[in-house]
Amino acid sequence: MLSEQGITPVILTYKDFETDQEIGEKEVNLLISMKEFFKDHYTYAEAVKYETCYIRYGGFDFGVHRSGVGWHSLPNFVITSAFIRLLGASEQFELDVLKSLLHHRPAGKAGLLDQCDVVTVSPDVLTEEPDESGAYSKPSIWTWIKKTAENNVERKTIFKRVYGIESTPEEFNGLAKSAINKYRNELYEKRNAIVHGRANVTMLLSDYCTAEIFVIETIRTMGQQCMDKLKVSL
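Residues numbered from 1 in each chain as written. Predicted model: local features only at pLDDT ≥ 70, side-chain atom pairs only at ≥ 80, totals over all residues. Heavy atoms only, no water.

1. Here we look at the overall build of the protein chain
Part 1 of the reasoning: Along the backbone of the protein chain there are nine helices and four strands.
Part 2 of the reasoning: Scored against the burial criterion, the 234 residues of the protein chain give a buried share of 30%.
Part 3 of the reasoning: Sequence separation of at least 24 residues holds for 66% of the intrachain contacts in the protein chain that already meet a minimum separation of 6.
Part 4 of the reasoning: As presented, the protein chain carries roughly 15,500 Å² of accessible surface, and 56% of it is formed by carbon and sulfur atoms. (Helix = DSSP H or I, 4+ residues; strand = E, 2+ residues; numbered from the N terminus. Buried < 20%, exposed > 50% of the residue type's maximum accessible area, 1.4 Å probe, protein only. Contact = heavy atoms within 4.5 Å. Areas by Shrake-Rupley, 256 points an atom, 1.4 Å probe, with all protein chains shown as cover.)

2. Some words on the packing of helix α8 (residues 177-195) against helix α9 (residues 205-230)
Part 1 of the reasoning: Here α8 crosses α9 at 115 degrees, and the two axes come no closer than 12 Å. Crossing angle aside, the handedness with which α8 passes α9 is left-handed. Residues I180, Y183, R184 and L187 of α8 lie in contact with α9, whose contacting residues are D207, T210, A211 and F214.
Part 2 of the reasoning: A per-class count over the contact of α8 with α9 returns five nonpolar, one polar and two charged. (Axes fitted to C-alpha atoms, helices over the stretch in contact; angles between N-to-C directions. Left-handed = near helix turned anticlockwise from the far one by under 90°. Nonpolar A, V, L, I, M, F, W, Y, C, P; charged D, E, K, R; others polar.)

3. Topic: the pattern of salt bridges
Part 1 of the reasoning: The tally for this structure, following the rule as stated, stands at 11 salt bridges.
Part 2 of the reasoning: Between K177 and E170 there is a salt bridge; the shortest N-O distance is 3.9 Å.
Part 3 of the reasoning: Residue classification places K177 among the partly exposed residues on the basis of a relative accessible area of 27%.
Part 4 of the reasoning: By relative accessible area, E170 is classed as exposed at 52%.
Part 5 of the reasoning: With its nearest N and O atoms 2.7 Å apart, the salt bridge here joins E217 to R220. (Salt bridge = Lys/Arg side-chain N within 4 Å of Asp/Glu carboxyl O.)

4. Examining the side chain of K99
Part 1 of the reasoning: Looking at where K99 falls in the secondary structure, it is placed in helix α4 (residues 74-104).
Part 2 of the reasoning: From its side chain, K99 meets the backbone oxygen of V125 in a polar contact 2.7 Å long.
Part 3 of the reasoning: Not counting chain neighbours up to four residues away, the residues in contact with K99 comprise V125, E128, Y136, K138, P139 and W142. (Polar contact = N/O pair within 3.5 Å; in protein donor to acceptor, adjacent residues only side chain to side chain.)

5. What to know about the environment of T210
Part 1 of the reasoning: One can find T210 in helix α9.
Part 2 of the reasoning: Residue classification places T210 among the partly exposed residues on the basis of a relative accessible area of 29%.
Part 3 of the reasoning: Placed 37 residues apart in sequence, T210 and N173 show a C-alpha to C-alpha distance of 9.3 Å.
Part 4 of the reasoning: Leaving out residues up to four positions away in the same chain, T210 has contacts with F172, N173 and Y183.

6. A few points about the packing of α4 against α9
Part 1 of the reasoning: Relative to each other, α4 and α9 sit at 5 degrees, their axes nearing to 10 Å. One way to sum up the angle between α4 and α9 is to call them roughly parallel. Counting all contacts with α4, which are made through I79, A82, F83, L86, L87, S90, F93, E94, V97 and L101, the residues of α9 involved are L205, Y208, A211, E212, V215, T218, I219, M222, C226 and L230. (Parallel < 35°, antiparallel > 145°, perpendicular 65-115°, else oblique.)

The following block contains the structure:
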């Protein structure tokens with residue numbers, strides 16, 4: 001409900017032009033409801049809206065078009081917003097996995113795993129907050145490597161070289177391994193384009209669903225590798 005989001009819903013009733021009789025069902029108009037909210041709460045809203053609708057000297061406002069901002073395509077706005085959150089959650093999962101491996105298997109794939117028991121990742125490793133100086137203790141190396149690991153390419157390299165773990169599924173939609181890697185890179189390129197307003201990215205709901213399945217398969221694949229190769233249970 002809009003009212004639960006702090007917006008008063010505007011309900012539209014459609015009428016027959018000739019008879020002035022109501023036709024069809026009443027419906028809440030999201031765009032008009034949002035516009036009325038701005039008008040009621042911000043006295044300068046209309047002036048700002050007017051200024052941002054027209055570019056000086058009659059030129060084409062490529063900035064709005066390129067970034068995909070505005071209310072002209074709410075479905076795409078919702079889908080791309082969900083997509084950003086999806087990849088954000090995927091990245092955080094990979095960071096959590098890497099931090100856990102560095103804590104529980106600091107020697108990497110070179111460790112004597114035959115002499116190790118299966119270890120389950122403890123919540124305190126995942127939820128650890130840095131101290132006042134910004135340092136971590138589980139493990140301490142996370143203090144220096146965290147920033148590097150936040151980069152998608154660098155993180156993938158660390159997983160591969162240190163732990164022999166692939167951060168992309170072996171199989172997905174019948175694609176070759178090279179095509180799977182390309183798809184992963186394209187997802188992050190789309191995410192960056194949306195976040196930084198570099199391009200007007202259009203996504204269908206089917207595109208989002210495919211990306212979500214890819215993320216789920218990535219999580220499943222990495223979890224299985226951690227168990228099989230490093231005896232670490234996520």
